[in-house]
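What follows is the residue order along each chain.
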There are 2 protein chains.
Amino acid sequence: MGFVLAVEGYGSLGGVEAFFKAGSVAIIGASSTPGKIGYEVVRSLVEGGYKGFIYPINPRAEEVLGLKCYRSILEVPGSVDLAVFTLPPSLIPRVMDECGLKKVKGVIIISGGFKELGPEGERLEGEVVEKARRYGMRVIGPNCIGVFDGRTRLQTFFQSHDRMLRPPAGDIAFLTQSGTFGTVILEWAAEDGLGVSKFVSYGNRCDVDEAELIKYFEADPETKVIAIYMEGLGDGRRFLQASKEVCRKKPIIVLKAGRTEEGSQASKSHTGWMAGNKQVYEAAFKQGGVIAASNLEELFDMAKALTLQPAPKGDRVAMVSNGAGPMVMAVDSLKEKGLKLAELSGEVKEEMRKLFPPFYNVNNPIDLTGSASSKDYDIALRNLVKDLGVDIIIPFFVFQDTPLDEGIIEVMFKASQEGRKLSKPILCCAAGGPYTRRMSRRLEEMKIPVYPTPERVVAAAYALKKHASNLKQA
Amino acid sequence: MGFVLAVEGYGSLGGVEAFFKAGSVAIIGASSTPGKIGYEVVRSLVEGGYKGFIYPINPRAEEVLGLKCYRSILEVPGSVDLAVFTLPPSLIPRVMDECGLKKVKGVIIISGGFKELGPEGERLEGEVVEKARRYGMRVIGPNCIGVFDGRTRLQTFFQSHDRMLRPPAGDIAFLTQSGTFGTVILEWAAEDGLGVSKFVSYGNRCDVDEAELIKYFEADPETKVIAIYMEGLGDGRRFLQASKEVCRKKPIIVLKAGRTEEGSQASKSHTGWMAGNKQVYEAAFKQGGVIAASNLEELFDMAKALTLQPAPKGDRVAMVSNGAGPMVMAVDSLKEKGLKLAELSGEVKEEMRKLFPPFYNVNNPIDLTGSASSKDYDIALRNLVKDLGVDIIIPFFVFQDTPLDEGIIEVMFKASQEGRKLSKPILCCAAGGPYTRRMSRRLEEMKIPVYPTPERVVAAAYALKKHASNLKQA
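Fair warning: this is a prediction, and the values are worked out from it, not measured in the lab.

(A) Molecular detail of the overall build of chain A. Helix and strand counts for chain A stand at 17 helices and 19 strands. Computed over C-alpha atoms, the radius of gyration of chain A comes to 25 Å, within 12% of the 23 Å expected from 2.2 N^0.38 for 474 residues, which places it in the range of a compact globule. Of the contacts made within chain A by residues no fewer than 6 positions apart, 74% connect residues no fewer than 24 positions apart. Accessible surface, chain A: about 16,100 Å² in total, of which carbon and sulfur atoms supply 54%. Once the 61 positive and 58 negative side-chain charges of chain A are each reduced to a mean point, those two points are 3 Å apart.

Spelled out as structure tokens, the structure:
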């Protein structure tokens, strides 16, 4: 029975699959005290909609959240696919032995107190790895928040549902060395209605690493886009080899911390890994075809574009707005990201010139001024969609401007349908308060992403273009 | 009567004061059709709480929003301090004559169709300026969204209240060449409860310019911080001279668009001004003491820090978090912005070592791990406040982590009170969904700013430090 979830289309739970599709989970170090990490992890599973077996383990508790509590994993009646540790580090080697005897497939160590603390912790971490190898178990962590699966809702978070939103099921896989960045990305995704296939916070990365995970996601039919926050790589060569292969099929976006000597040092006391030299990584990434993000917002923004919009045929960008200021800054960013400002065809400009008032600017970037209605956007967008010299379209909106009527939603729907047929992605830019957020949300429900600043929409466009070139090299 | 507002503490309405403190406003080109710019501007004034006289002017309307409409400004019975034009450009020179005869003090031209369209528009704009000089009137615009005063609530927006929030009265003055960026900044301020003293969108800038406005704000008791978005400067030397004087007293933050050749070209068709060479501006800004922002978020973030927190005594930053990932990226940013990671005193580290579990890291950046409670933050913050080697404190929060109890609000209140006494600013970093936003909002109500990413909080810290050095040179 514990295997029911696992076998649905997955079979053997080999490799890292048990971390996402386990049919049974034991929480070793479960607690009956709300607010304790060992309580909150059980609560996440229960309240999160996970349908497999949940076994709290603690020799000093009768039950946790109404679930029978076992004194040891060896006392659990059925099989256990996955064990989650919320225990003091010193107890962990002994518990690894018990998990080995129980034939557990995967272990997630939430607890910190290992390599990030220095030589003594490093020795302890080595012992954990040695035991995992002996029993043929795989390990995620230590010093992490573990995993989340969008479909099985398996999750090992100590962040309660009232404090942290969970995203729906979808096709973005997130890997993060920092649990904190993980919580942020998951909530941003949830708020924008973006779906996640799998999420892994891997902390000190003592066993399962990025290379193995991206190879797994390459074959995973649930995953379309891979986004990673990393500090230091363990085996850089292994990651580069894997990313080189995978990114010809699925985009890999990487945010790399520790660009400076000081940052690298800080990373060492965070997850026990030096972050290494920026130049080396940049060169290696370039060669490996990964898409580099420069901050967490960009990582998220790029993933959003890649999951919602098609890869473009080229790098020529056209922009249109009812307020030109942000387009001026966008032109700067395009240039800095190596994208081109499209030269519109004479025919297209002629048609706009005929239909628009004389004070609209019909050159790219097209300025419809604050007087623009949705009809004006319709004219501009129809022309940009048909212009063969345009590969990517970025409409900017000042939704605050009262002349812009809500017919714009319908106009955008049509434009985006046409754009998809022609592999011409459409990314929007709009910022402001509640009304702008409502309008943006309506666009995003139609799978048209909206970004708050020119730099961010251009970074998203860059990711699409970079992915398109990777595909061409496949 | 029309003068009542004006004289309250201001007197003569000389120079640019009429734009903010006018006791009477005429909207020339007022319309009775909702959605038209000439209607929405009247509506903004009426619904925005402006207490002065409002005179809609249109030869073909009887009334607008229940206000009597006049055929010409010359028919208005009382005096008129300020005239707002929402008219086709070709009609404007004649109307300037009427305003001159009526002894209007200031004119705001919302309409576009001038210098940004090329030689013909430039000629028309020249004519407007010539008439303004002849009659001794001052002009803001053309091609802008005009002004907003936080106290008189005078505002000339065609953005309705249901689409655009207005901020409360406060001490930040915003100047922007782009109306669009203006709408965004105003809503961001409103949502964060940040107050604005004066707002000016100046578009093509045919008369009143940044130099004059910052000199006015220097003397303005309502203004403490000046934030500017600009594309091209008219008289660069004049601005640099003015900013050099003003920034020794009040901080001036500048976001400059048109960093690239292409961006500069785009700026020309936006507001008629070439943006000019990036290097020249950067050198000049450095010399002038302005604080450079690299995007709109940074402009806003810096203004927020400068209005809410004191200037620090130095550049040594200490950080503390219950999730270390963002601190790793912050260390990178500190380094890149020329700030220092503080070296904590032995005594302070000793005290924390004594009180904390062994797996907390008591070196800067201090990692309290996901187990941290508000008591742990209290210990860390008390020590950072008293450590003489620390000038700026940045607490990071993973509010999603359930062990972190809401006692943190009280802890932060105490820390920030102590920090203010010692001129030791406190800036926070936290990101996520609804719960995190609620907690952040509670901190900001206590005038402790919260930023969503490490880069953004560090940019804000940089602004405080840069302002502190400017003050020292005063």
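What follows continues from the structure just given.
(B) A look at the interface of chain B and chain A. Counting residues at the interface gives 76 residues for chain B, matched by 76 residues for chain A. Here chain B meets chain A over a buried area of about 5,700 Å², counting both sides, of which 59% is carbon and sulfur. Of all residues in chain B, B:Arg163, B:Met329 and B:Thr402 bury the most surface against chain A, accounting for 13% of the area lost on that side. The tally of links between chain B and chain A comes to six salt bridges. Linking A:Glu297 and B:Arg456 is a salt bridge whose minimum nitrogen-to-oxygen distance equals 3.3 Å. Put simply, chain B and chain A have 26 residue pairs in polar contact (both at pLDDT 80 or more) between them. Secondary-structure elements contributing two or more residues to the side of chain B that touches chain A are α3 (37-47), α6 (179-191), β12 (252-256), α9 (261-271), α12 (325-336), α16 (434-445) and α17 (454-472) of chain B. For the side of chain B that touches chain A, the leading source of residues is α12(B), giving nine residues.

(C) Quick peek at the pattern of salt bridges. Residue and element names in this part refer to chain A. Evaluated as defined, the whole model comprises 79 salt bridges over all chains. A salt bridge links Arg123 to Glu120; the shortest N-O distance between them is 3.3 Å. With Arg123 and Glu120 both in helix α5 (residues 119-135), this residue pair falls three residues apart, about one helical turn. Relative accessible area serves as the criterion here: at 45%, Arg123 is assigned to the partly exposed category. Exposure remark for Glu120: the relative accessible area of 53% places this residue in the exposed category.

(D) Quick peek at the pairing of strand β6 (residues 106-109) of chain B. All names here are of chain B. A two-sided burial pattern is seen for β6, the buried positions comprising Gly106 and Ile108 on one face and Val107 and Ile109 on the other. Here strand β5 (residues 82-85) runs beside β6; their pairing, made up of four bridges, is parallel. When the sheet's bridge partners are listed, Ala83 is paired in β6 with Val107. A crossover connection joins β5 to the parallel β6 through helix α4 (residues 92-101); in handedness this β-α-β unit is right-handed. The handedness of the β6 to strand β7 (residues 138-140) crossover, carried by helix α5 (residues 119-135), is right-handed.

(E) Representation of the sheet that holds β6(B) in the model. Residue and element names in this part refer to chain B. Pairing is parallel across the open sheet formed by five strands, whose spatial order is β2-β1-β5-β6-β7. Lying at the two open borders of the sheet, with one neighbouring strand each, are β2 (53-57) and β7. Geometrically, the sheet is characterised by an average inter-axis angle of 20° between neighbouring strands, direction not taken into account. Of the pairings in the sheet, the one linking strand β1 (residues 24-28) to β5 comprises four bridges and is parallel in character. Within β5, the position partnered with Ile28 by the bridge is Phe85. Lying on the sheet, α3 is in contact with β1, β2 and β5; it crosses β1 at an angle near 165°. On the sheet, α4 packs against β1, β5, β6 and β7 and is oriented at approximately 170° with respect to β5.

(F) Spotlight on the packing of helix α6 (residues 179-191) of chain A against helix α11 (residues 296-308) of chain A. Residue and element names in this part refer to chain A. Running from amino to carboxyl end, α6 crosses α11 at an angle of 40°, the nearest separation of the two axes being 11 Å. By the angle between their directions, the pair α6 and α11 is classed as oblique. Judged by the twist between their axes, the crossing of α6 over α11 is right-handed. Residue-level inspection shows Phe181, Val184, Ile185, Trp188 and Ala189 of α6 in contact with α11, the latter providing Leu296, Glu297, Leu299 and Phe300. A class-by-class count of the residues in the contact of α6 with α11 yields eight nonpolar, no polar and one charged.

(G) Just the packing of aromatic side chains, in detail. Residues and elements named next belong to chain A. Inspection of the entire model under this criterion finds 26 aromatic pairs over all chains. Ring geometry for Phe20 and Tyr216: centres 5.7 Å apart, planes at 10°, overall stacked. Linking Phe20 in helix α2 (residues 18-21) with Tyr216 in helix α7 (residues 210-219), this pair joins segments that are 196 residues apart in sequence. Note on accessibility: Phe20 and Tyr216 belong to one class, buried. Among the aromatic side chains, those forming a connected cluster through ring pairs are Phe20, Tyr216 and Phe217. Over the aromatic face of Tyr462 sits the side chain of Lys337, whose NZ or CZ is 5.2 Å from the ring centroid.

(H) View of helix α12 (residues 325-337) of chain A. All names here are of chain A. The end-to-end C-alpha separation of α12 is 19 Å, in line with the 18 Å expected for 13 residues at 1.5 Å each. Within α12, 10 of the 13 residues are buried, which leaves the element mostly enclosed by the surrounding structure. Turning to α12, its buried residues are Gly325, Pro326, Met327, Val328, Met329, Ala330, Val331, Asp332, Ser333 and Leu334. Note on α12: the residue one or two positions beyond its end, Gly338, has a positive phi of about 75°.

(I) Representation of the sheet that holds strand β12 (residues 252-256) of chain A in the model. Residue and element names in this part refer to chain A. In space, the six strands of this open sheet follow the order β8-β10-β9-β11-β12-β13, with mixed pairing throughout. A strand with exactly one partner marks an edge of an open sheet, and here the two such strands are β8 (146-149) and β13 (291-293). Pairs of neighbouring strands in the sheet enclose a mean axial angle of 20°, with direction left out of account. Note: strand β9 (residues 169-176) against strand β10 (residues 196-201), six bridges, orientation parallel. In the strand pairing of β10, Ile172 is matched with Val196. Against the sheet, α6 touches β8, β9, β10 and β11 (225-230), its axis set at about 165° to β10.

(J) Just the side chain of A:Glu125, in detail. Within the secondary structure, A:Glu125 is located in helix α5. Within the buried set, A:Glu125 has no salt-bridge partner at all; the shortest N-O distance to an opposite charge, 5.5 Å, is to A:Lys115.

The rules behind these values
Residues numbered from 1 in each chain as written. Chains lettered and ligands numbered in written order. Predicted model: local features only at pLDDT ≥ 70, side-chain atom pairs only at ≥ 80, totals over all residues. Heavy atoms only, no water. Helix = DSSP H or I, 4+ residues; strand = E, 2+ residues; numbered from the N terminus. Rg over C-alpha atoms; globule rule 2.2 N^0.38 Å. Contact = heavy atoms within 4.5 Å. Areas by Shrake-Rupley, 256 points an atom, 1.4 Å probe, with all protein chains shown as cover. Lys, Arg positive; Asp, Glu negative; His and termini not counted. Charge placed at Lys NZ, Arg CZ, Asp CG, Glu CD. Buried area = accessible area lost by both parts, 1.4 Å probe. Salt bridge = Lys/Arg side-chain N within 4 Å of Asp/Glu carboxyl O. Polar contact = N/O pair within 3.5 Å; in protein donor to acceptor, adjacent residues only side chain to side chain. Buried < 20%, exposed > 50% of the residue type's maximum accessible area, 1.4 Å probe, protein only. Pairing = 2+ DSSP bridges. Right-handed = clockwise from strand over helix to strand, strands pointing away. Axes fitted to C-alpha atoms, helices over the stretch in contact; angles between N-to-C directions. Parallel < 35°, antiparallel > 145°, perpendicular 65-115°, else oblique. Left-handed = near helix turned anticlockwise from the far one by under 90°. Nonpolar A, V, L, I, M, F, W, Y, C, P; charged D, E, K, R; others polar. Phe/Tyr/Trp six-rings, centres within 6.5 Å; stacked < 30°, edge-to-face > 60°. Lys NZ or Arg CZ within 6 Å of the ring centre and 35° of its normal. Expected span 1.5 Å × (residues − 1).

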